[in-house]
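Observations on the three-dimensional arrangement
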Amino acid sequence: MAAEALYPTDESMAGAVPIREGEYGAKIVAIEPGGVEYIAHAERHGRPLDLFWTWNSPNWEFATMFLGVIPVTVFGGGFWPTALAVVLGSALGAICVGIPSTWGPKLGVPQLVQARAAFGYWGNLLPAGLNTVTAGVGWFAVNSISGTFALSTLSGLPFQISLLIVVIAQVFIAFIGHNFIHRFEKVTFPYLVVVFVLACIFLFANANTAQGFNEKAPVPFGGPLGAFIIALFISASYGFGWSPYALDFSRYLPKSSDAKSVFWSATLGVFLPCAILELGGVALATIAGTSWGPADSPTDQLVKPLPYLLAPFVLFGITVGTVSANVLNIYSGAMSFLALGLKLGGLKQRRAILAVVFGIIGFFVARSGEYDAGHQ
């Protein structure tokens, strides 16, 4: 294979993918121009370690922890088999983000543009369309609900007001774009790590580690082995679900970036928070007296077993983690939509405008997903 194919030049890419217009560079508080165009080498910046923060913060969130709860409460998994399954699954899912991340410095285009090489231009419409819906609307709405419940419980504000605050914060960060997202994830990283690790330590200390397979679980399908396999696939699929975003956040790195550093920064960024929080979810599911009924919101169920002083910090962490995850969802959802090939009338800020559009749609989808948990 020619060296130009592995490390394309600006000139070689111009015929296949337009070069992104405008000057952006390493500016933090500046709206990222363009959409899914190729990033010229003069615009490249950053270091592989930046991917560690960018992938770490979005996974310190409520949804990640409950991936460890489900295999125990629904499928009857025992503590230790489920713990092993979620660690292995998190590793598999994280690798699926790390590998494509290494292509970003070489190719300089978003993930769903690069996918045209595998699926063809027209065949790529399906994965690009699906990721537009799942990232820009589906995950955005699901995460917004959990973050809204946390903010509502913490502040006492009505659900709809809390939802509006969460959505505005998410859309604002995604609207500004790539560099601001990287910085936001780095700034929020320390707080999220501290509060969620403290919560997990408490949950581990009170977990019933001797709990075995529960034959009376709602869906005890396949016995202990079935519960293990389901836990493995749930955790792996969550990490793998980030893989369509991989190049979106590594394509600005210089082409000289070390591939191993890129791989490990992205892989560990996904693996560590997923493994730790999912283990915390497994522990939470075994704590005696934990309620899983409809009387409380899911976020209330999480903080009830926690110490009184820690609970409000965790609630705020859930809100911040929601924002951290959803700015990636909105950003990559917009990238996937633009990868469909729509011109949008030649708008220079098409990516930024789409971030607002997806935020509005996601707000109404999340609002319709509200249920009666005392926050209406």
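Residues numbered from 1 in each chain as written. Predicted model: local features only at pLDDT ≥ 70, side-chain atom pairs only at ≥ 80, totals over all residues. Heavy atoms only, no water.

1. Describing the environment of S324
Note the following rule: Helix and strand assignments come from DSSP, with helices taken as H or I runs of at least 4 residues and strands as E runs of at least 2, each series counted from the N terminus. Here the term buried applies to any residue with accessible area under 20% of the maximum for its type, exposed to any over 50%, and partly exposed to those in between, with areas from a 1.4 Å probe on protein chains only.
With respect to the secondary-structure elements, S324 resides in helix α15 (residues 311-338). Relative accessible area serves as the criterion here: at 0%, S324 is assigned to the buried category. Between the C-alpha atoms of S324 and A169, which are 155 residues apart in sequence, the distance is 9.8 Å.

2. Some thoughts on the nonpolar core
Rules: In these notes, a set of buried Ala, Val, Leu, Ile, Met, Phe, Trp, Tyr and Cys residues joined through side-chain atoms within 4.5 Å is what counts as a nonpolar core.
W55, W242, F249 and L328 are the most contacted members of the largest nonpolar core, which totals 57 residues. Per element, the largest residue contribution to this core is 9 residues, and it comes from α15. Judged by nonpolar contacts, the second largest core, of 34 residues, contains W60, M65, F189 and A207.

3. Things to note about the packing of helix α5 (residues 79-101) against helix α12 (residues 223-240)
Under the convention used in this document: The convention used is that axes are lines fitted to C-alpha atoms, helices contributing only their stretch in contact, and that angles between N-to-C directions extend from 0 to 180 degrees. Roughly parallel means an angle under 35 degrees; roughly antiparallel means over 145; roughly perpendicular covers 65 to 115; every other angle is labelled oblique. Crossings are sorted by hand: turned counterclockwise from the far helix by less than a right angle, the near helix makes the crossing left-handed, and turned clockwise it makes it right-handed. Contacts are assigned to residue pairs with any non-hydrogen atoms lying within 4.5 Å of each other. When residues are grouped by polarity, Ala, Val, Leu, Ile, Met, Phe, Trp, Tyr, Cys and Pro land in nonpolar, Asp, Glu, Lys and Arg in charged, and all others, Gly among them, in polar.
Contact geometry for α5 and α12: axes closest at 7 Å, N-to-C directions at 30 degrees. In terms of orientation, α5 lies roughly parallel with respect to α12. Classified by chirality, the crossing of α12 by α5 is right-handed. Between α5 and α12, the residues in contact are P81, T82, L84, A85, V86, L88, G89, S90, L92, G93, C96 and V97 and F228, A231, L232, S235, A236, G239 and F240, respectively. Each residue belonging to the contact of α5 with α12 can be placed in one class, and the counts come to 13 nonpolar, 6 polar and no charged.

4. Here's the deal with helix α4 (residues 62-73)
Heads up, the rule is: What a helix is expected to span follows from its residue count: subtract one and scale by 1.5 Å.
For α4, with 12 residues, the first-to-last C-alpha span of 16 Å sits near the 16 Å given by 1.5 Å per residue. Judged by how many residues are buried, α4 sits mostly within the fold: 10 of 12 residues are covered. For α4, the complete set of buried residues consists of F62, A63, T64, M65, F66, L67, G68, V69, P71 and V72.

5. Description of the packing of helix α11 (residues 178-206) against helix α13 (residues 259-286)
Relative orientation of the contacting elements α11 and α13 amounts to 35 degrees, with a least axis distance of 9 Å. The way α11 lies across α13 gives a crossing that is left-handed. Seen from α11, the contacting residues are F196, C200, L203 and F204; seen from α13, they are I276, L277, L279, G280, A283 and L284. The residue makeup of the contact of α11 with α13, split by class, is 9 nonpolar, 1 polar and no charged.

6. Thoughts on the side chain of S152
Where we set the bar: A 3.5 Å cut-off defines polar contacts: any pair of N or O atoms within that distance qualifies, except that in protein one atom must be a possible hydrogen donor and the other a possible acceptor, and neighbouring residues in sequence count only when both atoms are side-chain atoms.
Mapped onto the elements, S152 comes out in helix α9 (residues 125-155). Given a relative accessible area of 5%, S152 falls into the buried group. In this structure the side chain of S152 is engaged in a polar contact, spanning 2.6 Å, whose partner is the backbone oxygen of L157.

7. A word on the pattern of salt bridges
Side chains bearing opposite charge may pair, as long as their charged atoms lie close to each other. Applicable threshold: The salt bridge criterion pairs a side-chain nitrogen of Lys or Arg with a carboxyl oxygen of Asp or Glu, the two atoms within 4 Å.
Taken as a whole and judged by the stated rule, the model has 6 salt bridges. R350 is paired through a salt bridge with E37; the nearest N and O atoms lie 2.3 Å apart. On the criterion of sequence distance, the pair formed by R350 in helix α16 (residues 350-368) and E37 in the loop between α2 (10-14) and α3 (50-56) is long-range, its members being 313 residues apart. For the residue pair R350 and E37, the accessibility class agrees, reading buried in each case. In this structure, a network of salt bridges that share partners links the residues E21, E37 and R350.

8. Some words on the packing of aromatic side chains
For clarity, the cut-off: Paired rings are identified among Phe, Tyr and Trp, the last through its six-membered ring, by centres lying within 6.5 Å, and are further divided according to the angle between planes into stacked (under 30 degrees), edge-to-face (over 60) and tilted (the rest).
Under the defined criterion, the tally for this structure stands at 20 aromatic pairs. Their ring planes at 85 degrees and their centres at 5.8 Å tell us that W55 and F249 sit as a pair that is edge-to-face. With W55 in helix α3 and F249 in the loop between α12 and α13, the pair connects residues that are 194 residues apart, well separated along the chain. Residue W55 shares its accessibility class with F249, and that shared class is buried. Look at W242 and Y245: their rings are 5.1 Å apart centre to centre, the planes differ by 85 degrees, and that puts the pair in the edge-to-face class. Considered together, W242 and Y245 belong to a single accessibility category, that of buried residues. Members of the aromatic cluster, connected to one another through ring pairs, are W55, W139, Y238, W242, Y245, F249 and Y331.

9. Quick look at α12
At 3.6 residues per turn, the α-helix brings residues three or four places apart onto the same side. Between its first and last C-alpha, α12 extends 26 Å over 18 residues, near the 26 Å set by a 1.5 Å rise per residue. Turning to α12, its buried residues number three or more, namely G223, G226, A227, I230, A231, L232, I234, S235, A236, Y238 and G239. Of the surrounding secondary structure, the elements contacted by the buried residues of α12 are α4, α5, α9 and α13.

10. Here we look at a nonpolar patch on the surface
Put simply, the rule reads: Only residues whose relative accessible area exceeds 30% and that form no salt bridge are eligible for patches; like-charged ones are grouped when within 9 Å, while nonpolar side chains (Val, Leu, Ile, Met, Phe, Trp, Tyr) are grouped when within 5 Å. Per-residue accessibility takes into account occlusion by the displayed protein chains alone, with areas from the Shrake-Rupley method and a 1.4 Å probe.
Together, I353, V357, I361 and V365 make up an exposed nonpolar region whose accessible area comes to about 270 Å². By the secondary structure assignment, I361 is in helix α16. The class of I361 is partly exposed, set by a relative accessible area of 38%.

All quantities given are derived from atomic positions and should not be read as evidence of function.
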